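The residues making up each chain are set out below.
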Amino acid sequence: MATANKNLSDYDKTTIPNASKFRFGIVVSEWNDTITEGLYQGAYDALIENGALPNNIIRWNVPGSFELIYGSKKMQQQMLNAVIAIGCVIQGETKHFDFVCEGVTQGIKDLNVLHETPVIFCVLTDNTMQQSIDRSGGKHGNKGTEAAIAAIKMAELRKNS
Ligand SMILES: Nc1c(NC[C@H](O)[C@H](O)[C@H](O)CO)[nH]c(=O)[nH]c1=O
Ligand SMILES: CC(=O)[C@@H](O)COP(=O)(O)O
């Protein structure tokens, strides 16, 4: 259980570039919104903590994680330095979980191949709601924090490449 051995919110602030010069987009799925709101808050707080300006963070909502693909694609037109795609997919009774998870994973991967603005994968794919609670500000930290740090690092890499 990799996450169990590493708190998702832990990072060395001295190693993070200053984010004041970057513009960020955050696309948030409305499915399991009690979880995705926690992920969003973790991401937003981490961006601000590392120098991002509130006016340089734009948020769009989409119905579900599968729509993160389209929302993140449209964000490519917003002159951003990085995009964070936030969702929470929880196993139900059927195989739908498998198809949503695979679809959003491949779709976001494709956006990173086809476009210039990096899209960070902040999608929980959990067996239970408790696992999602634990990873959105609970005992394992907040994957939104982890995603924000990744977004800052990738924005810096893109600037320097
Ligand atoms: N079951 C979950 C979904 N399902 C909805 C899909 O993401 C999509 O919105 C629908 O198939 C219409 O295209 N979405 C989640 O984000 N989380 C779930 O647990
Ligand atoms: C991930 C899903 O779409 C899933 O939560 C839907 O639940 P079910 O498989 O019981 O229809």
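Residues numbered from 1 in each chain as written. Chains lettered and ligands numbered in written order. Predicted model: local features only at pLDDT ≥ 70, side-chain atom pairs only at ≥ 80, totals over all residues. Heavy atoms only, no water.

**Description of the packing of aromatic side chains**
Line of reasoning, step 1. Per the stated rule, a full pass over the model turns up two aromatic pairs.
Line of reasoning, step 2. Here Arg-59 stacks its cationic end above the ring of Tyr-40, 4.4 Å away from the centre of that ring. (Phe/Tyr/Trp six-rings, centres within 6.5 Å; stacked < 30°, edge-to-face > 60°. Lys NZ or Arg CZ within 6 Å of the ring centre and 35° of its normal.)

**Examining the pattern of salt bridges**
For side chains bearing opposite charge, pairing can occur when the charged atoms are close.
Line of reasoning, step 1. Evaluation of the coordinates by the stated rule reveals six salt bridges.
Line of reasoning, step 2. Arg-59 is the salt-bridge partner of Glu-37, the closest N and O atoms lying 2.5 Å from each other. Of this pair, Glu-37 sits in helix H1 (residues 33-49) while Arg-59 is found in strand E2 (residues 57-62), placing the two residues 22 residues apart along the sequence.
Line of reasoning, step 3. For Glu-37, a relative accessible area of 35% translates into the label partly exposed. (Salt bridge = Lys/Arg side-chain N within 4 Å of Asp/Glu carboxyl O. Helix = DSSP H or I, 4+ residues; strand = E, 2+ residues; numbered from the N terminus. Buried < 20%, exposed > 50% of the residue type's maximum accessible area, 1.4 Å probe, protein only.)

**Brief notes about the UniProt feature "binding site: 5-amino-6-(D-ribitylamino)uracil" (unreviewed entry) in the chain**
Line of reasoning, step 1. In this numbering, the UniProt entry assigns the feature "binding site: 5-amino-6-(D-ribitylamino)uracil" (unreviewed entry) to Trp-31, Ser-65, Phe-66, Glu-67, Cys-88, Val-89, Ile-90 and Phe-121.
Line of reasoning, step 2. Take Cys-88: it is sitting in strand E3 (residues 82-90).
Line of reasoning, step 3. Aside from chain neighbours lying at most four places away, what touches Cys-88 is Trp-31, Asn-32, Ile-35, Thr-36, Ser-65, Leu-124 and Ser-132.
Line of reasoning, step 4. For Phe-121, a relative accessible area of 33% puts it in the partly exposed group.
Line of reasoning, step 5. What Phe-121 contacts, discounting residues up to four positions off in sequence, is Ala-85, Val-104, Thr-105 and Ile-108. (UniProt positions renumbered as here; feature names shortened; annotations may be inferred. Contact = heavy atoms within 4.5 Å.)

**Side note on the pairing of strand E1 (residues 24-29)**
Line of reasoning, step 1. Most of E1 sits inside the fold, with six of its six residues counted as buried.
Line of reasoning, step 2. Where burial is concerned, the two faces of E1 agree: the one with Phe-24, Ile-26 and Val-28 and the one with Gly-25, Val-27 and Ser-29 are both buried.
Line of reasoning, step 3. Bridge count between E1 and E2: six bridges; the pairing is parallel. Across the sheet, Val-27 pairs through a bridge with Trp-60, a residue of E2.
Line of reasoning, step 4. Read as a crossover between parallel neighbours, the route from E1 over H1 to E2 is right-handed.
Line of reasoning, step 5. As paired strands, E1 and E3 are joined by five bridges and run parallel to one another. Following the sheet pairing, Val-27 is matched in E3 by Ala-85. (Pairing = 2+ DSSP bridges. Right-handed = clockwise from strand over helix to strand, strands pointing away.)

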